[in-house]
Amino acid sequence: MTSIRSGEVWPDTEGKMIDAHGGGMLFHEGTYYWYGEIKQGKTYLPDVNKSWGGTRVDVTGVSCYSSTDLLKWKKEGNVLPAVNDPASDLHPGKVLERPKVIYNAKTKKFVMWFHADSLNYAAAGCGVAVSDTPNGTFKYLGSFRPDKGVWPVNVTEEDKKDPKSPLARDFEKGQMARDLTVFVDDDGKGYLFAASEDNATMHISELSDDYLKTTGKFARVFPGRLMEAPAVFKRGGKYYIIASGCTAWAPNAARSAVADSIWGPWKELGNPCQGEKADITFQSQGTYVLPVAGKADKFIFMADRWNKDNLPDSRYIWLPIGFEGEKPVLHWMGEWSPK
């Protein structure tokens, strides 16, 4: 590619369509590494919980592509391949979504987090894998529900005592984690953002120093707002999130919010999109916000244009983020250069 053309087929350096859905980006030693779901094949399933489309695609692993200019992408391969074991989280019949990779400067390890789930989305856990190199292969460590047996820092007595509350219900076995992302702050501290409590409320959890688990310190944010697809970034000392509503494969209006502390309080800023099709995020759903290396105050909103009838052919939407005061703003640009 010589420019970013959202919604078109993006070829890698071998001329093959880039297969990196629901993904994220890591910049390490002068190179960008793009990770995403490899969607191959198609499985039709009943809509068992009325919250998704009833159709999913087997994910055969996590892809990795590398680039130094965000335009020419070399395929590094399948860095977390599926395994032919029905009991494994990595079986292609299970759910593997939204892989994100962060680098731990202390351990010198690359750590991958993703949403690991059962076909009916009841497991609602986090999968974690590690590698010595950014292009893998990653070693899978297993899945778990975060923050088992602890209450959030902003819990109320009413929250604790409500037997119908998902928060109280899941206290002993750990909190749900569906759509997720991980974020590393300037001081090296890592955080997990995950849609929890049956997708109703988002949780922010502190990661251990090795980024392999949560510490038990977490907060509930955006209670009852039904937000998923979180993308988190930092600008001017403030923390930002762009997320979506929960409408399965159908696009909806994005939401944005800002906070002075990662623990909140978070102030919602409304839909960052402006112009035609702003109400459906230009027919896409966000997955990551990329700070452009060496370019102060330059960020790219990465999103997927889901094609529910042929998910492998879902296209990518990348747009530069502008700002009106503290509010992030997105305008449609059919072609642009990240330089």
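The coordinates are above.
About the criteria used
Residues numbered from 1 in each chain as written. Predicted model: local features only at pLDDT ≥ 70, side-chain atom pairs only at ≥ 80, totals over all residues. Heavy atoms only, no water. Salt bridge = Lys/Arg side-chain N within 4 Å of Asp/Glu carboxyl O. Buried < 20%, exposed > 50% of the residue type's maximum accessible area, 1.4 Å probe, protein only. Helix = DSSP H or I, 4+ residues; strand = E, 2+ residues; numbered from the N terminus. Pairing = 2+ DSSP bridges.

## Brief notes about the pattern of salt bridges
Next, step 1: Considering all chains together, one arrives at 22 salt bridges under this definition.
Next, step 2: Here K308 makes a salt bridge to D309, at a shortest N to O gap of 3.5 Å.
Next, step 3: Judged by relative accessible area, which is 48%, K308 ranks as partly exposed.
Next, step 4: The exposure class assigned to D309 is exposed, which follows from its relative accessible area of 54%.
Next, step 5: The partner of R315 in a salt bridge is D313, and the shortest N-O contact between them spans 3.1 Å.
Next, step 6: Overall, the relative accessible area of 21% leaves R315 in the partly exposed class.
Next, step 7: According to the relative accessible area criterion, D313 is partly exposed, its value standing at 23%.
Next, step 8: Linked by salt bridges that have partners in common, R145, R169, D170, K173 and D198 make up one network.

## Section: unusual backbone geometry
Next, step 1: The amide bond that connects G136 to the next residue, T137, takes the cis arrangement and shows omega of 0°.
Next, step 2: Here T137 is to be found in the loop between strand 9 (125-131) and strand 10 (139-144).
Next, step 3: Residue P265 is reached from G264 by a cis peptide bond, and omega for that bond is 5°.
Next, step 4: Here P265 is to be found in the loop between strand 17 (255-259) and strand 18 (267-270).
Next, step 5: For K108, which is not glycine, the phi torsion reads 65° and is therefore positive.
Next, step 6: Here K108 is to be found in the loop between strand 7 (95-104) and strand 8 (109-117).

## Re the pairing of strand 9
Next, step 1: Taken across its seven residues, strand 9 has seven buried, putting it largely inside the fold.
Next, step 2: On strand 9, burial covers both faces: G125, G127, A129 and S131 on one face and C126, V128 and V130 on the other are all buried.
Next, step 3: Bridging between strand 8 and strand 9 involves seven bridges; their strand directions are antiparallel. Residue pairing in the sheet places A116 in a bridge with G125 of strand 9.

Any link to function would need more than the numbers given here.
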